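Report on the structure
In case you want the letters, here they are:
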Amino acid sequence: YITVVRNPDYWGEKAKLQRITFKFMPDPETRVLALEAGDVDMIVRVPTESVDEIKKTSGLKVLSSEVGSTTYLCSLLNGKPPYDLLANRQIRYAIALAIDRDSIVKNVWEGHAKVNQTVNPPAILGEHKSLVTGFTYDRERAKALLEEAGWKVGTDGIRVNNGRRLSFTLVSGFPSTEVHRPLPEVIQAQLRQVGVEVKITEAEGGLYSSMLKEGKGDLWLERGPQNDAQPPFLAYLLCHSKGIYSKIYGGPFAIGGKFDKLMDNAMSAPDTNVCARCTAEALHELIDEEAVVIPIAAHFEIWGVKETVVGFVPHRSHVNQHRNKVYLKR
């Protein structure tokens, strides 16, 4: 744990709390039990299956932010066999069309998320968010695209082309395997309905990073937060040819060209409206035109708190929760 205390010499408005202790509990069930036992006053990232339980518990309540972090799939573009199939844009399109986002939001996250077609909260793009249309679930169109690309349904229901199976490895693990469960299995089942085989690999931390750097996977399941006020923040990190993913992992999701130019314009724009427009245009290239990133849904940050906690308003960004007017009611 870490304990911080109020600074009596702080120049601005003084915090109402004298001290705050942050306890680190990676397991979500442990956090819920600690809240119910009264060992803590607040917990973050309440698992969806525990929301109703907390709401029904006397003295506790659930608070939710506006949608913030987004779950998305990234397609490996520069892979070597057997991880080279997603270099074909038609296959990427088919995968994007085969995912039933409404069903996922309802059955996996129990309504505690919203279908999202960008990699950031749509609101951050302002009036330009309509420039990114994303993908509507269309299983038959997905099948037709795969047929056009030469992939025919085999005897076991999985498509083949020149003796090769349409089989992908989905790597789940950023920021953790726990945060995605059971989504990988749901995606696996949905893609099988169009003749695509998905093999699931769970990998966290260093293993996830090393697999990405070595290109040992086709589809990469991630949940990324918008922890920066700049609209291009996450897309730049993921997919720009000079972004972090390119510098560390060799550009597995970088498409270059028009996308890079629009991202550069967004990053250097002195006007926030111009920045949002350039970002939306870049996301149109990344998602609508190339389907390199396939957004699924944006999530609410869900907190469980004691009713004695006053003044706390959850922020959509997980790392920006500072409030100096939060206090405990006696």
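The following paragraphs examine the structure supplied in this document.

Procedures and definitions
- Residues numbered from 1 in each chain as written.
- Predicted model: local features only at pLDDT ≥ 70, side-chain atom pairs only at ≥ 80, totals over all residues.
- Heavy atoms only, no water.
- Salt bridge = Lys/Arg side-chain N within 4 Å of Asp/Glu carboxyl O.
- Buried < 20%, exposed > 50% of the residue type's maximum accessible area, 1.4 Å probe, protein only.
- Helix = DSSP H or I, 4+ residues; strand = E, 2+ residues; numbered from the N terminus.
- Pairing = 2+ DSSP bridges.
- Right-handed = clockwise from strand over helix to strand, strands pointing away.
- Core = buried A, V, L, I, M, F, W, Y, C linked by side-chain atoms within 4.5 Å.
- Contact = heavy atoms within 4.5 Å.
- Arc of directions from axis to C-beta.

Notes on the pattern of salt bridges
- If you walk through the whole model with that rule in mind, you get 14 salt bridges.
- As a salt-bridge pair, Glu214 and Lys216 come within 3.1 Å of each other at their nearest N and O atoms.
- Taking the relative accessible area as the measure of exposure, Glu214 reaches 51% and is therefore exposed.
- Within this structure, Arg89, Arg92 and Glu290 form a network of salt bridges that share partners.

What about the pairing of strand E9 (residues 167-174)?
- With seven of eight residues buried, E9 is to be regarded as a mostly interior element.
- Across six bridges, the pairing between E9 and strand E10 (residues 197-202) is parallel. Each residue of the ladder has a partner; that of Ser167, found in E10, is Glu197.
- After leaving E9, the chain enters helix H6 (residues 183-192) and then returns to the sheet as E10, a path that is right-handed.
- Here E9 pairs with strand E11 (residues 219-224) via four bridges, running parallel. Following the sheet pairing, Leu170 is matched in E11 by Leu219.

Describing the nonpolar core
- Leu73, Ile95, Trp109, Phe168, Leu191, Trp220 and Ile296 are the most contacted members of the largest nonpolar core, which totals 65 residues.
- No other element matches helix H3 (residues 89-98), which puts six residues into this core.
- Contact partners of Leu191, with chain neighbours within four places excluded, come to Ile95, Ala98, Ile99, Val196, Val198 and Leu219.
- Ranked by size, the runner-up nonpolar core spans 11 residues in total, among them Ile43, Val46, Val51 and Leu60.

What to know about helix H7 (residues 205-214)
- Turning to H7, its buried residues are Tyr208, Met211 and Leu212. Looking straight down H7, one finds that the buried residues subtend no more than 100° of arc, so they occupy a single side. Residues Gly206, Lys213 and Glu214 are exposed on H7 and point more than 90 degrees away from its buried face.
- Where the residues of H7 are buried, they touch E9, E10, E11 and helix H9 (244-249).
- One or two steps after H7, the chain reaches Gly215, where phi turns positive at roughly 70°.

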